[in-house]
Each structure stands twice: as C-alpha cells, then as structure tokens.
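A structural walkthrough
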Amino acid sequence: MNVALVTGSSRGIGAACAAALARAGYKVCINCIERMDLAEQLAEQLKDEGHKAICHQADVADAAAVNEMVAHIEREFGPVDLLVNNAGIAIPQQFQDILPETWKRIFDVNLGGCYNTIQAVLPHMLHEHRGCIINMSSIWGQHGASCETAYSSTKHAIIGLSRSLAAELAPSGIRVNCVAPGVIDTDMVQVLGQETLDMLAREQIPLGRLGKAEDIAHTVLYLAEAGYTTGQVIGVDGGFII
Ligand code: NAP
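Quick look at the structure, then.

A few points about the nonpolar core
Core analysis: the biggest nonpolar cluster contains 36 residues, and Leu21, Val28, Ile30, Leu82 and Val220 have the highest contact counts within it. At the level of elements, strand 1 (3–6), helix 1 (12–23), strand 2 (27–32), helix 2 (36–48), strand 3 (53–57), strand 4 (82–85), strand 5 (131–136) and helix 8 (213–225) are the ones that each hand at least two residues to this core. It is helix 1 that contributes the most residues to this core, nine residues altogether. Setting aside residues up to four positions removed in sequence, Leu21 forms contacts with Ala4, Val6, Tyr26, Val28, Leu82, Val84, Val220, Leu221 and Ala224. Within the second largest apolar cluster, 33 residues are counted, among which are Cys114, Val121, Ile133 and Val233.

Things to note about the packing of helix 5 (residues 112–128) against helix 6 (residues 149–169)
Following both chains from N to C, one finds helix 5 and helix 6 inclined at 15 degrees, their axes separated by 13 Å at the closest point. When the axes of helix 5 and helix 6 are compared, the pair comes out roughly parallel. The way helix 5 lies across helix 6 gives a crossing that is right-handed. From helix 5, Cys114, Ile118, Leu122 and Leu126 reach across to helix 6, where they touch Ile158, Leu161, Leu165 and Leu169. Grouping the constituent residues of the contact of helix 5 with helix 6 by class yields eight nonpolar, no polar and no charged.

A word on the site of the ligand
By nearness alone, 33 residues border the ligand, and Ser10, Arg11, Glu34, Tyr151 and Thr186 come closest of all. The separation between an oxygen atom of the ligand and a polar side-chain atom of Arg11 is 2.7 Å. Take Ile13: an N or O atom from its main chain is 2.8 Å from an oxygen atom of the ligand. Taking 900 Å² as the accessible area of the ligand by itself, protein coverage stands at 95%. Among the detected pockets, the ligand sits in the largest pocket. Contributing elements (two or more residues each) for the shell around the ligand: helix 1, strand 2, helix 4 (100–110) and helix 6. A per-class count over the shell around the ligand returns 15 nonpolar, 11 polar and seven charged.

Focus on unusual backbone geometry
A positive phi angle, close to 60 degrees, is found at His129, a residue other than glycine. Position of His129 among the secondary structure elements: in the loop between helix 5 and strand 5. A relative accessible area of 47% places His129 in the partly exposed class. Not every positive phi belongs to a glycine, and Cys147 is a case in point at roughly 65 degrees. Given the relative accessible area of 31%, Cys147 is considered partly exposed.

The rules behind each value
Residues numbered from 1 in each chain as written. Predicted model: local features only at pLDDT ≥ 70, side-chain atom pairs only at ≥ 80, totals over all residues. Heavy atoms only, no water. Core = buried A, V, L, I, M, F, W, Y, C linked by side-chain atoms within 4.5 Å. Buried < 20%, exposed > 50% of the residue type's maximum accessible area, 1.4 Å probe, protein only. Helix = DSSP H or I, 4+ residues; strand = E, 2+ residues; numbered from the N terminus. Contact = heavy atoms within 4.5 Å. Axes fitted to C-alpha atoms, helices over the stretch in contact; angles between N-to-C directions. Parallel < 35°, antiparallel > 145°, perpendicular 65-115°, else oblique. Left-handed = near helix turned anticlockwise from the far one by under 90°. Nonpolar A, V, L, I, M, F, W, Y, C, P; charged D, E, K, R; others polar. Near = heavy atom within 4 Å. Polar contact = N/O pair within 3.5 Å; in protein donor to acceptor, adjacent residues only side chain to side chain. Areas by Shrake-Rupley, 256 points an atom, 1.4 Å probe, with all protein chains shown as cover. 1 Å grid on protein atoms, 1.4 Å probe; cavity = no way out; pocket = protein on both sides within 12 Å on 5 of 7 lines; lining within 4 Å. Sits in = over half its atoms within 2 Å of the grid points.

Keep in mind that these numbers describe shape and distance, not what the molecule does.
This is how it looks when you write it as structure tokens:
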C-alpha cells in the first residue's frame with residue numbers, strides 16, 4: 001500500500017484529498033499548523049472506516065519541522081511515495097500595503113513549503129525510482145489577480161517548479177503535476193463574502209457553481225494514479241478560465 005502526505009489537510013481541499021486517498025487505500029498523514037482538533041477528528045473518522053491515517057502538526061515553512069514529520073511518517077507507515085503539496089495561505093491586499101514580513105511569509109509557506117517537503121521525501125523516491133508529487137497552484141497561478149500579487153506570484157512559481165521538476169525527475173521515474181483550482185468553497189474564500197461568491201457562481205463560472213473540495217480531491221486521485229502523466233497543470237475551475 002502507498003504512503004501519502006497531504007500538507008494542510010485539517011480542512012478544506014487538503015482534508016478532502018486526504019480522505020479520498022485514504023478511502024482509495026493510501027496510508028495518509030494529515031498535516032496542519034494549528035487546527036489539530038480538526039486533523040485528529042478526520043483521522044479518527046478515517047480509522048473508524050477502516051483506513052490508515054495519522055496526524056502531524058508542522059509548519060511547512062519550517063524545514064526542521066517538515067523533516068521531523070517525514071521521519072514520523074516513516075516510523076508509522078514507511079517512506080512517502082505520494083506527496084500532495086496543498087498547504088497554502090492567501091492574504092488579499094493592495095500591493096503598496098504589503099509589509100515585507102507578509103510578502104516573505106506567503107512565499108515561505110506557499111513556495112518554501114513545497115521546497116521543504118520535496119527535499120524531505122525525494123531521497124527515498126530517487127532510491128526507489130518511483131514517486132508522485134502533486135502541487136496545488138491556482139487559476140491565479142495562470143493569470144494575474146488584483147490584490148493577490150504575493151499569492152499569485154507564489155502560485156505562478158509553483159507551476160514553474162512543477163514543470164521544471166517534472167522534466168528533471170521523469171528519468172528517475174518520479175512524476176510531478178500541478179492542480180489549478182478555481183473558486184472552491186472553503187474557508188479560504190469566505191473573505192470574499194457570500195454576495196460576491198454568489199455573483200461569481202452566477203456570472204463568472206460557466207458551470208454555474210463554486211467548486212467543492214471533493215472536485216479537487218477527484219483530480220488529485222486521478223493524478224496519483226495517472227502513470228503516464230507528468231509536467232501537467234490541470235485546471236479544475238468550472239470553466240472560469242477557458
Ligand atoms: P483553507 O481552507 O484555508 O485550508 C488551509 C489548510 O492549510 C489548513 O489545513 C491549514 O491548517 C493549512 N496550513 C496553512 N498554513 C500552513 C502551514 N504553514 N503549514 C501547514 N499547514 C498549513 O485553504 P483551501 O481553500 O483548502 O486551499 C488549499 C490549497 O488550495 C491552498 O494551497 C490554496 O492556495 C489552494 N487553492 C484554493 C482555492 C480556493 O478557492 N479555496 C483556489 C485555488 C487554490 P490549519 O487548519 O491548522 O490552519
């Protein structure tokens with residue numbers, strides 16, 4: 001059975017991915033930075049269903065904490081062969097108002113988190129000549145977004161990272177792909193307010209609804225199993241960007 005680490009999986013898209021992977025037979029590690037209560041609740045639910053799940057609290061921006069988490073997973077389940085880099089933060093602001101520490105934190109979590117986790121799991125993947133990495137970008141990694149310059153920059157960089165790493169690691173039997181969600185109904189987008197979310201669903205999204213976390217989990221599961229697909233960016237956005 002394969003071992004999966006899904007970062008940022010106490011709630012939202014990550015939680016749906018962790019649940020889908022566990023139900024598909026992966027041993028999963030649920031990770032978060034604060035809401036261990038939710039992470040543990042999800043792990044208990046999955047275990048009650050007969051699946052394998054553990055939790056580990058770690059800030060993905062902290063390389064030492066990530067290394068400890070990967071060591072914990074290895075002790076419990078064995079080495080990670082599926083990594084889903086999902087943890088991310090968005091702090092919408094006009095560019096001129098972004099403080100240096102805010103800019104740095106968004107980069108440290110969204111992009112630095114990918115660097116830290118990939119560095120931690122790659123030696124085993126290289127040794128085994130197999131592995132799968134799925135990085136969470138965004139439609140704002142493919143297009144510009146007003147008041148989201150830091151977020152959008154990191155999500156563009158995640159696409160560059162994924163494509164470059166896919167080219168570099170394909171000869172080593174390791175696949176790297178990217179998912180670009182549209183507007184997904186999680187805590188992250190609540191800052192927009194219900195009126196704006198309803199307007200987006202009605203006027204901007206051809207499929208006429210916000211995405212669900214499970215819509216992204218479905219694509220993550222597909223990419224985890226899609227053995228001849230690498231270096232791709234899969235949009236899951238209800239047709240927002242066509
Ligand atoms: P969310 O509801 O805000 O959940 C974020 C998750 O990441 C939580 O589990 C949170 O843990 C965890 N997290 C945050 N910072 C972390 C850190 N430093 N270390 C470890 N875990 C951390 O977000 P979401 O909407 O599910 O988004 C998940 C991913 O999809 C993000 O990368 C986001 O950029 C991307 N995305 C989302 C949308 C959307 O519309 N929702 C669209 C495009 C892309 P705690 O619970 O402990 O805080």
